[in-house]
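# Residue-level structural notes
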Amino acid sequence: MKTSARILICFSLLFSAVPAADSPALQGFSPDSTTSERAWETKFKAIPSADRLREYMQRLSARPHHVGSPYDKDNAEWILAKFKEWGLNAQIESFDVLFPTPRERAVELIEPARFTAKLEEPAVSVDPTSDQQKEQLPIYNAYSVDGDVTAPLIYVNYGNREDYEKLDRLGISVKGAIVIARYGQGWRGIKPKVAAEHGAIGCIIYSDPKGDGYFQGDDFPAGGWRPRYGVQRGSVMDTDYPGDPLTPGVGATADAKPLSLKEAKTITTIPVLPISYGDALPLLSALKGPIAPEDWRGALAITYHVGPGPARVHLKVSSNWDIKPIYDVIATLHGSTDEGQWVIRGNHHDAWVNGADDPISGQAAMLEEARVMGELHAHGWTPLRTVIYCAWDGEEPGLLGSVEWVETHVDELQKHAVVYINSDSNQRGYLLPGGTQDLQNFVSGVARDVEDPETHMSAYQRSHLFAISEAKNAEERSDLRKRNDLLVRALGDGSDYTAFQDFAGISSLNLRFGDEDDGSQYHSIYDDFYWYTTFADKDFSYGRALSQTAGTAIMRAADADFIPVDYTPQSQAIEKYTSDLEKLVKDKQDEFTERNLELKEGVYKATEDPRNLLLPPPAEVVPPYVNLAPLKNALVVLKKSAERYSAALAAYQTQGSPALPPQALESINADLLRVSRLFLNQKGLPERPWFKNQIYAPGAYTGYGAKPIAAVREYMDEKKWAEAEGQVPQVSQVIETVAAGINRAAEDFENALARGAQ
Ligand SMILES: [Zn+2]
């Protein structure tokens, strides 16, 4: 009762808020539909309530809610009930997936002294949910293979490929050793992968205080940063494909024929365990051997040595390899047309432990959007397109909920999905959009209409000015100043957009506010309600801003007469990715030519310090010129088609954005819907066939990080120049197909305009 009374007051106040009559038509809207859209959006933005966000977070993060836990299911049912209460048509879709949980864990220093790692995060008295030990998932890395190994220890910095090149120069091999790597610089799953490729038999990952502990600020509970015994849990699944390891490419439903555990390709080949710096300190202190290179040193009060030994370590990990149910909550608000186009919004609900920041800060914002949509619907608003809200389960272990859902529904999704908008953790700071750049103008327009809570400038303006402050050089700054939009960064595979973008070819956005961090308890028991409301977005003003931003985006994408994409920013981005490939070849040519010359001149020999061994790097074959001409020719075609479509859009606006006849709209929308599918090649990437998108993909050795044009780029990273060149024709073909799709849309648009003018 109290609630509806409050909302009625809101509405009566809001009906008087009429947008300026002379504001230009929104992209994809006629002047009439713009007026109505702006009125509904204004109503929408006024309603999200910080108090409600706080209530949702308190409820959803009250107990540990990882996959397979009682509270995970409880939360899914609670979310389902809320969606229904708010007037959405909701149901739970369940999948059965492989989810290992720890059975045995040990890290012991055997020599030169004995020490047994605690492998536990202690409760903190001021933090009321930190003592729920019975329900907490112990610290571990999910999908580590079982193993029991004892070996000398070697420190490998972040444990990425360049770090092993440095180790080679130090004359150190990790063959038969256990490596210890610090968290940071790329996805954690890369660390055991690269360690195993170099012959290591075990991998320990620890959180150095330089990355997210006392070096950054006061640690918990005095401040927000990771304390001495705080640990980052997380998945170490290999990068071949995300989702259930036993059902690649198909939904983990009763119809699927799962692989056996042995056949699953994404489980690590060596055992891995994460530890705190409190547990790492005795291990690192016991290392001798060369002193770690300067940029390898963390913030512990020790001299960092690389080893090997004299430290010898015993590492033991085994898991219960169980099949567990996951619960996706899917809620629908049906559109008013029967065109069958879907606008999809998602955020995961599962966490490693209580997960207030990750993922409930984003989940709470999304729920509040759904509630407000329900209220608007009750007051007369119905979206043109169907809106689908998805609360995903199983994101943390490997994007399980979203991947299995997309794999199950891929045919329907490819027929109907217009856009997928994701969020995950949310904090204070700047709007940081990622995604496919056909939505760059669109999301920039949305950001112009959202107020930043701290500065009261628009989220657009603040994000734009932040980008200038972060630019690397004068050229970048000058380029940003000329722009009329926010640059949308390409997405890797850090969250639930992956299957939409990379597998199904659906235009995607990831939205979050952040970068004004007061701390991080990422994947620890301390990422909870107490911590979030003491150190993060404690008044939920940025949670509210996320609701406003993502909600406005959903409404606008759902209501637009024609799908509000524009391809010029996308063709510019792909042009940039191509020139990056060219630059990479040139840089490697220069680097290796110089190196080979210095080897010949004896530069390394002359500068070698006999007391501090640093071997010269190996001579390298200087890369040949790689023929990117087919790609560049395809880009000319893409650019022309993108400009043609942008010109049609501009002409439409010059004509006063007249309402187009339904048949014309239908064919333009059908054209536009298809374009993002054309980025796919059903064979997929050469070594990762699950990833179908030929432009947008995560790196096999970066994970979170995007590697645009991965088919070419990844061979270049491996110095396989001929193979890289071999991929150019088919990527070029994909780009030409995309251009043809855009041309079709432009032509239909031009024809509709010509007919309209007659
Ligand atoms: Zn998350």
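Look above for the structure.
Fair warning: this is a prediction, and the values are worked out from it, not measured in the lab.

Moving on, we come to the coordination of the zinc ion. Octahedral six-donor coordination of a metal ideally yields angles of 90 or 180 degrees, compared with 109.5 degrees for tetrahedral four-donor coordination. Looking at the zinc ion, one finds its protein donor set to be His-348 (NE2), Asp-358 (OD), Asp-424 (OD) and Asp-424 (OD), positioned 2.0 to 2.5 Å from the metal centre. Geometry at the zinc ion is irregular, judged from its four donor atoms and the angles of 54 to 144 degrees they form at the metal. Taken in sequence order, the residues that donate to the zinc ion follow the motif H-x9-D-x65-D. Of the two residues, Asp-358 sits in helix 9 (residues 356–378) while Asp-424 sits in the loop between strand 12 (417–422) and strand 13 (429–431), which places them 66 residues apart along the sequence. Here Asp-358 matches Asp-424 in class, with each residue buried.

Moving on: the packing of aromatic side chains. How two aromatic rings sit relative to each other is set out by the distance from centre to centre and by the angle between their planes. As enumerated under the stated definition, the model contains 28 aromatic pairs in all. Pairing Trp-690 with Phe-691 gives two aromatic rings, centres 5.0 Å apart and planes at 80 degrees, and the pair type is edge-to-face. Across the pair, Phe-691 and Trp-690 agree in class, each one buried. Lying across the ring of Tyr-701, Lys-193 places its NZ or CZ 4.9 Å from the centre.

All right, on to the pairing of strand 8 (residues 272–275) then. Residues Val-272 and Pro-274 line one face of strand 8 and the alternating positions Leu-273 and Ile-275 line the opposite face, and both faces are buried. Sheet topology places strand 6 (residues 202–206) next to strand 8; four bridges connect them, and they run parallel. Directly across from Ile-205, in strand 8, lies its bridge partner Pro-274.

This part takes up the pattern of salt bridges. The final tally for this structure, using the stated rule, is 36 salt bridges. Of the charged contacts in the structure, one is a salt bridge between Arg-428 and Glu-454, with a shortest N-O distance of 2.7 Å. Here the residue Arg-428 occupies a position in the loop between strand 12 and strand 13, and Glu-454 occupies one in the loop between helix 12 (440–448) and helix 13 (459–470), the gap between them amounting to 26 residues. Linking Lys-583 and Asp-587 is a salt bridge whose minimum nitrogen-to-oxygen distance equals 3.0 Å. Placement of the pair is Lys-583 and Asp-587 together in helix 18 (residues 568–601), with a separation of four residues, close to one helical turn. A cluster of three or more residues bridged by salt bridges with shared partners is formed by Arg-428, Asp-452, Glu-454, Arg-462, Glu-516 and Asp-518.

This part covers helix 18. Between the first and last C-alpha of helix 18 there are 49 Å, a value that for 34 residues agrees with the 50 Å anticipated at 1.5 Å per step. Just downstream of helix 18 lies Gly-602, where phi reads positive at about 85 degrees.

Here we take up unusual backbone geometry. Cis geometry marks the peptide bond from Glu-111 to Pro-112; its omega dihedral reads 0 degrees. Position of Pro-112 relative to the elements: it lies in the loop between strand 1 (89–111) and strand 2 (115–116). Here Gly-309 and Pro-310 are connected by a cis peptide whose omega angle stands at 0 degrees. Relative to the assigned elements, Pro-310 resides in the loop between helix 8 (277–285) and strand 9 (312–333). Unusually for a residue other than glycine, His-456 sits at a positive phi of about 65 degrees. One can find His-456 in the loop between helix 12 and helix 13.

Applying the stated criterion to the full structure yields three cavities of 30 Å³ or more. Taken as a whole, the largest cavity encloses approximately 60 Å³ of empty space. Together, Ala-417, Val-418, Asp-438, Ser-507, Ile-563, Val-565, Tyr-567, Leu-672, Leu-673, Ser-676 and Arg-677 line the largest cavity. Mapped onto the lining of the largest cavity, the elements with two or more residues apiece are strand 12 and helix 21 (662–675). Along the lines of polarity and charge, the residues of the lining of the largest cavity split into seven nonpolar, two polar and two charged. Residue lining of the second largest cavity: Thr-436, Asp-438, Gln-501, Gly-505, Ile-506, Ser-507, Gln-570, Ser-676, Phe-679, Asn-693 and Tyr-696, and that is the complete set. Here the residues of the lining of the second largest cavity sort into three nonpolar, seven polar and one charged.

Thresholds applied
- Residues numbered from 1 in each chain as written.
- Predicted model: local features only at pLDDT ≥ 70, side-chain atom pairs only at ≥ 80, totals over all residues.
- Heavy atoms only, no water.
- Donors = N, O, S within 2.8 Å, 3.2 Å for Na, K, Ca; no water.
- Tetrahedral: all angles 85-135°; square planar, octahedral: opposite > 155°, others 65-115°.
- Helix = DSSP H or I, 4+ residues; strand = E, 2+ residues; numbered from the N terminus.
- Buried < 20%, exposed > 50% of the residue type's maximum accessible area, 1.4 Å probe, protein only.
- Phe/Tyr/Trp six-rings, centres within 6.5 Å; stacked < 30°, edge-to-face > 60°.
- Lys NZ or Arg CZ within 6 Å of the ring centre and 35° of its normal.
- Pairing = 2+ DSSP bridges.
- Salt bridge = Lys/Arg side-chain N within 4 Å of Asp/Glu carboxyl O.
- Expected span 1.5 Å × (residues − 1).
- 1 Å grid on protein atoms, 1.4 Å probe; cavity = no way out; pocket = protein on both sides within 12 Å on 5 of 7 lines; lining within 4 Å.
- Points joined across faces, edges and corners; volume = space filled by probe spheres on them.
- Nonpolar A, V, L, I, M, F, W, Y, C, P; charged D, E, K, R; others polar.

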